[in-house]
Amino acid sequence: MTDSKYFTTTKKGEIFELKAELNSDKKEKKKEAVKKVIASMTVGKDVSALFPDVVNCMQTDNLELKKLVYLYLMNYAKSQPDMAIMAVNTFVKDCEDPNPLIRALAVRTMGCIRVDKITEYLCEPLRKCLKDEDPYVRKTAAVCVAKLHDINAQLVEDQGFLDTLKDLISDSNPMVVANAVAALSEIAESHPNSNLLDLNPQTINKLLTALNECTEWGQIFILDCLANYTPRDDRESQSICERVTPRLSHANSAVVLSAVKVLMKFMEMLPKDLDYYGTLLKKLAPPLVTLLSAEPELQYVALRNINLIVQKRPEILKHEMKVFFVKYNDPIYVKLEKLDIMIRLASQANIAQVLAELKEYATEVDVDFVRKAVRAIGRCAIKVEQSAERCVSTLLDLIQTKVNYVVQEAIVVIKDIFRKYPNKYESVIATLCENLDSLDEPEARAAMIWIVGEYAERIDNADELLESFLEGFHDESTQVQLQLLTAIVKLFLKKPTETQELVQQVLSLATQDSDNPDLRDRGYIYWRLLSTDPVAAKEVVLAEKPLISEETDLIEPTLLDELICHIGTLASVYHKPPSAFVEGGRGVQHKRLPARAGSGESAESPDVGQAVSAVSDAPPAVIPSQGDLLGDLLNLDLAPPTSNVPPVPSSMQMGAMDLLGGGLDSLMGDESETSASHYRTEVQSPQPPECSERELGGDVGGSPAMGVSLGGAPVGMPAGLGAAPAVGGGLGDLFDLGGGVGVTAGSYIPPKTVWLPAMKAKGLEISGTFARRSGVIHMDLSFTNKAMSVMTDFAIQFNKNSFGLAPAGPLQVLTPLSPNQTVDVSLPLSTTGPVMKMEPLNNLQVAVKNNIDVFYFSCQYPISLLFVEDGKMDRQVFLATWKDIPSENEAQFQIKDCHLNSDAASNKLQGSNIFTVAKRTVDTQDMLYQSVKLTNGIWMLAELRIQTGNPNSTEWLDSRCRGVRNASAYILVYDICCVESFEYVKMIRQQIVDNREGSSSEVPILVVGSKRDLQRHRFTQRRAISVLVKKTWKCGYVECSAKYNWHVLLLFKELLGIAVARGLRQNHASIRLQGALQRNRCSVM
């Protein structure tokens, strides 16, 4: 008879009967009773009343009975903690049982009983089991450490279990190694900052050896651990790949995906011209293809992972297109995923095959799949230019089928094809117009209206067609209404005499009869444009549109790299990072791929360019003492706001100088013997970037830069950090290199930035900056009310922060704050508030309250804000302190594009409370020795070396540039995808300003961003560059595409406009406008 009899319903009073059976002298009857108890517990009945009787059954040699009792204990120990202690003696005794199965069972059960009172009794048995002679017991104990750490982390650390766990990685049994790795990984995930898994080549070798012999789940644990390791070089990376590759042929799909994850990550470090790189690509394809022969659910998981792999490395599966062809019995979710991958793999070589398949799919019965197939044809046309004509022909064939949803999808994708290939396939418009009456879906109707409006001059009855849509204007969706409004305005601008009544009608419907704010606003904008300046309206509404790209659905590269590191996990199925869907207290680590060999990037370097970080959920640790603050000051971003300094050729590198041996002593007048360990630094002359030279043409020579060496007492700043924070605070800011508000006689004040956008604060926008005035720190805020209601009752509060910043008084806002009103407030701050360590160190979390709600944001204050006025150190104290600074507290920087001599630099820095203690000149360098004191009493010492003369004049003074120096206007072109080329343009513009006679405002300068057709790859947002060039540099700014002849004419038109506006027509008679505004003809004489 089976065990199902235990789950049948029994009569009343069964608890009493079970109690009697549990206390029976017969072993068989006792075992039957425990089985009945477990069965009742499984179906949800409360049998906790039997706890003492079940615990009494632990004293038995029967392994089956012991397992059942332990199962009961695990379930009810939490609700009966006092009774559970009764079982402790039996656990301890079982941990010393001769049978290894019982020893392992005892330690496993004790780990699963999450009761604090039992935890302390678990330590000794666990310590013995971790060193047990039987590997089965050791592997069970390893997992138990992770469970115990989850209950009481401090206890595990105090008892030294983590060190024992690390030792088990060197165990002779592969399963013990796998479980130790799994336990350490689990603990490391819950404590991301702890360096538990200290992976090194020796440890990696042990893991790879165990990989071949452990079970499939053990292999997954080890492979996931390997994926977190960053090899030292490409040779080590190749060695690991060679030893992991055999896992690709494993029968378990999870092992295969984990192996693929490791290989995909380590391939980043292999040079592409390496023979092994090509071999590895070929080896990756078969296992991925094999995964698609599994059941549909596994297929879907595999396809989602393949989708990521194809986006990162399409060459892996470029010859496997047929594998992704849809089968008739595939579930819809598999079909759609295969379709997506087919488009990603489509190329000129296989496009004919793909189109034939897609045309076949368009005749299927599944409507959703057919729609996706038709869209796929359009995506192929946009992706593979050579196939566009064939794709359009296929779409026209599908339109002839007159199947409603097919026709509508075809019209939507043809609109995109028109955007990609203007003036090429407009001959099909007549066919599209024939199907106008059958369109009933908003997206299709909007697409057709866009086509009619865009090509109104080619459609004789365009006004009639649009008027037919206008009849039911209020019944249309918002998407259609907006498109119809724009299309009729376009029509009016192209045929003003015939459509005046029509445009008045649509503007009236949009502005007076509609309650949709978006539609109403657009209507008013068009109305005012048309009524005040029809020429400007034409330029705005009929402007050339940028070409669309086939990459619109690709995952953003940074996110893709992170998802590649999570292949085989839920993140790779969701296509979202774990932080987007994992909740709870555990820290989610952001992973990224290592830098390719020779790229010069650091695998550990954090992402730069984030303007304002979000308020952290996890509370930062309190700073226990000032000493702990020193290491975090080393991590502050003090680098100038420029790109990374390029490598220096040896021929341009000056010899190292002994900064302390004699030089500083003689300067200070101290003849005493110096310390044996001296600081050494080098002045480097970086090369101009290759990208700039290639873009702008001409010879690019070396441009010397300033060298800065910062030490500390006892703190310094590290070299090699990223760009300066968005709010400012880098060394470049102190020299006014960041384009902010430079105050000659005072400290640097960064420009205001938006800290809290209106869309996140119910209409309240807060922007601000920080300033130090008369020894008091101020937070200068601007409050803007972009809501429709009045705002009152403002208050502000700071979270604990690294330097104790807190409001010195209440927030004084002139209330009420009316809609569209902006008010400026200066809030004095003190440094006497509560202290708590933040990440980054200069992060400030702020809460602002008004009558609507409480809003939270964070900002970063410049570290120079904390420099106090009494920071000038005595010379002798400086010398003694400098010698005592440990080498790890020293950092070095280079500042480019600084045009100050040593006296000017000293004066400017003194405005920010950076005081020059002494100065000397060695060869062609001025050496400034400076001191800084922070509000919390920490000192920083610096040596500033300045190359005398103008370091940026070398190119300008070159005899070959004589003609350029006398030019009447300048066009400076940079590549919007190359930050180095913009830095070069920045340098050239500065040379023009410094070396031209008279004010720079007399010389028209137009900065041009080229390669607009590659704007998806631009190094920063257009708005950031435009604001810098127009507002700070006072120059013109245009972006163009020479490839598509886009805005090239506008470039010269803009330059001539600037020249005329600045009076150059009178000042320079050589400039003449000769038909410059005619298309394809522009002359500047």
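Residues numbered from 1 in each chain as written. Predicted model: local features only at pLDDT ≥ 70, side-chain atom pairs only at ≥ 80, totals over all residues. Heavy atoms only, no water.

- Going by an unreviewed UniProt entry, the chain carries the name AP complex subunit beta and comes from Pygocentrus nattereri.
- Quoted verbatim from the Sequence similarities (unreviewed entry) field of UniProt, the annotation for the chain is "Belongs to the adaptor complexes large subunit family."
- If you open the UniProt record of the chain and go to Subcellular location (unreviewed entry), you find "Endomembrane system". (UniProt positions renumbered as here; feature names shortened; annotations may be inferred.)

1. Describing the overall build of the chain
Part 1: The number of helices and strands found in the chain is 43 helices and 18 strands.
Part 2: Taking all 1085 residues of the chain together, 49% fall into the buried category.
Part 3: Look at the contacts in the chain between residues 6 or more apart in sequence, and 69% of them connect residues 24 or more apart.
Part 4: Summing over all exposed atoms, the chain offers an accessible surface of approximately 51000 Å²; the carbon and sulfur share of this is 50%. (Helix = DSSP H or I, 4+ residues; strand = E, 2+ residues; numbered from the N terminus. Buried < 20%, exposed > 50% of the residue type's maximum accessible area, 1.4 Å probe, protein only. Contact = heavy atoms within 4.5 Å. Areas by Shrake-Rupley, 256 points an atom, 1.4 Å probe, with all protein chains shown as cover.)

2. Quick look at the pairing of strand 18 (residues 1036-1039)
Part 1: Alternating residues of strand 18 divide into Gly1036 and Val1038 and Tyr1037 and Glu1039, and every residue in both groups is buried.
Part 2: Where strand 17 (residues 1005-1010) lies against strand 18, 4 bridges are found, and the strand directions are parallel. Counterpart to Gly1009 in the pairing with strand 18 is Glu1039.
Part 3: Note that the unit made of strand 17, helix 41 (residues 1022-1032) and strand 18 has a crossover that is right-handed. (Pairing = 2+ DSSP bridges. Right-handed = clockwise from strand over helix to strand, strands pointing away.)

3. So, the packing of aromatic side chains
Part 1: Counted under the stated rule, the structure contains 18 aromatic pairs.
Part 2: With a centroid separation of 5.2 Å and 45 degrees between ring planes, the pair formed by Tyr361 and Phe369 is classed as tilted. Judged on exposure class, the residue Tyr361 and its partner Phe369 are both buried.
Part 3: Here a set of aromatic residues connected by ring pairs shows up, and it is made of Trp755, Phe770, Phe803, Phe857 and Tyr861.
Part 4: Over the face of the ring belonging to Phe369 we find Lys335, whose NZ or CZ atom lies 5.2 Å from the ring centre. (Phe/Tyr/Trp six-rings, centres within 6.5 Å; stacked < 30°, edge-to-face > 60°. Lys NZ or Arg CZ within 6 Å of the ring centre and 35° of its normal.)

4. Here we look at the environment of Val985
Part 1: Summarising the element assignment, Val985 is placed in helix 40 (residues 979-995).
Part 2: Note: C-alpha distance between Val985 and Tyr974 (11 residues apart in sequence) is 6.6 Å.

5. Observations concerning the sheet that holds strand 6 (residues 776-785)
Part 1: Taken in spatial order, the 5 strands of this open sheet run 4-5-6-9-8, and their pairing is antiparallel. In this open sheet, the two strands that pair with only one neighbour each are strand 4 (753-756) and strand 8 (806-807).

6. Here we look at the pairing of strand 7 (residues 795-798)
Part 1: Side chains of strand 7 alternate between two faces, with Ile796 and Phe798 buried and Ala795 and Gln797 left unburied.
Part 2: By the bridge criterion, 4 bridges tie strand 7 to strand 10 (residues 843-849) in an arrangement that is antiparallel. Bridging from a neighbouring strand, Phe798 pairs with Val846 of strand 10.

7. A few points about the sheet that holds strand 17
Part 1: The sheet built from 3 strands is open, its strands ordered 16-17-18 with parallel pairing. Each end of this open sheet is capped by a strand with a single partner; those strands are strand 16 (970-975) and strand 18. Ignoring strand direction, the axes of neighbouring strands in this sheet form an average angle of 20 degrees.
Part 2: Strand contacts of helix 40: strand 16 and strand 17, with the helix running at about 160 degrees to strand 16, the strand carrying the most contacts. (Axes fitted to C-alpha atoms, helices over the stretch in contact; angles between N-to-C directions.)

8. Comments concerning the nonpolar core
Part 1: By size, the foremost hydrophobic cluster in this structure holds 207 residues, and its most contacted members are Tyr72, Leu73, Leu126 and Phe418.
Part 2: The greatest single-element share of this core, amounting to 10 residues, is contributed by helix 27 (residues 478-494).
Part 3: Those residues in contact with Leu126 that lie beyond four places of it in its chain are Val107, Ala141, Cys144, Val145, Leu148 and Phe161. (Core = buried A, V, L, I, M, F, W, Y, C linked by side-chain atoms within 4.5 Å.)

9. Concerning the pattern of salt bridges
Part 1: Going through the model one piece at a time under the given rule, you end up with 33 salt bridges.
Part 2: Residues Glu441 and Arg371 are paired through a salt bridge, measuring 2.4 Å at the closest nitrogen-oxygen approach. Of this pair, Glu441 sits in the loop between helix 24 (429-434) and helix 25 (442-454) while Arg371 is found in helix 21 (residues 367-383), placing the two residues 70 residues apart along the sequence.
Part 3: Overlapping salt bridges bring together Arg371, Arg375, Glu409, Glu441 and Glu443 as one network. (Salt bridge = Lys/Arg side-chain N within 4 Å of Asp/Glu carboxyl O.)

10. Points about the side chain of Asp132
Part 1: Of note, Asp132 is situated in the loop between helix 8 (116-130) and helix 9 (135-151).
Part 2: A relative accessible area of 12% means that Asp132 is categorised as buried.
Part 3: Asp132 has contacts with Arg103, Val137 and Arg138, leaving out every residue within four places of it along the chain.

11. Concerning helix 19 (residues 332-345)
Since one α-helical turn is 3.6 residues long, residues separated by three or four positions face the same way.
Part 1: For helix 19, spanning 14 residues, the distance from its first C-alpha to its last is 20 Å, which sits close to the expected 20 Å at 1.5 Å a residue.
Part 2: Counting buried positions over the 14 residues of helix 19 gives 11, a clear majority of the element.
Part 3: Among all positions in helix 19, only Val334, Lys335, Glu337, Lys338, Leu339, Asp340, Ile341, Met342, Ile343, Arg344 and Leu345 are buried.
Part 4: Where helix 19 is buried, its residues touch helix 18 (296-312), helix 20 (351-361) and helix 21. (Expected span 1.5 Å × (residues − 1).)

12. Comments concerning a negative patch on the surface
Part 1: There is a patch of like negative charges on the surface, built from Glu464, Glu467, Glu471 and Glu501.
Part 2: Relative to the helices and strands, Glu501 is located in helix 28 (residues 500-511). (Patch = residues over 30% accessible without salt bridge, like charges linked within 9 Å, V, L, I, M, F, W, Y side chains within 5 Å. Lys, Arg positive; Asp, Glu negative; His and termini not counted. Charge placed at Lys NZ, Arg CZ, Asp CG, Glu CD.)

13. Structural notes on the environment of Ser237
Part 1: Secondary-structure assignment places Ser237 in helix 15 (residues 234-244).
Part 2: For Ser237 and Met269, which are 32 residues apart along the polypeptide, the C-alpha to C-alpha distance reads 6.7 Å.
Part 3: Apart from the residues within four sequence positions on either side, Ser237 is in contact with Pro231, Phe266, Met269 and Leu270.

14. A word on the side chain of Glu454
Part 1: Counting through the fold element by element, Glu454 comes out in helix 25.
Part 2: If near-sequence neighbours (up to four positions away) are discounted, Glu454 is found in contact with Lys490, Lys494 and Lys545.

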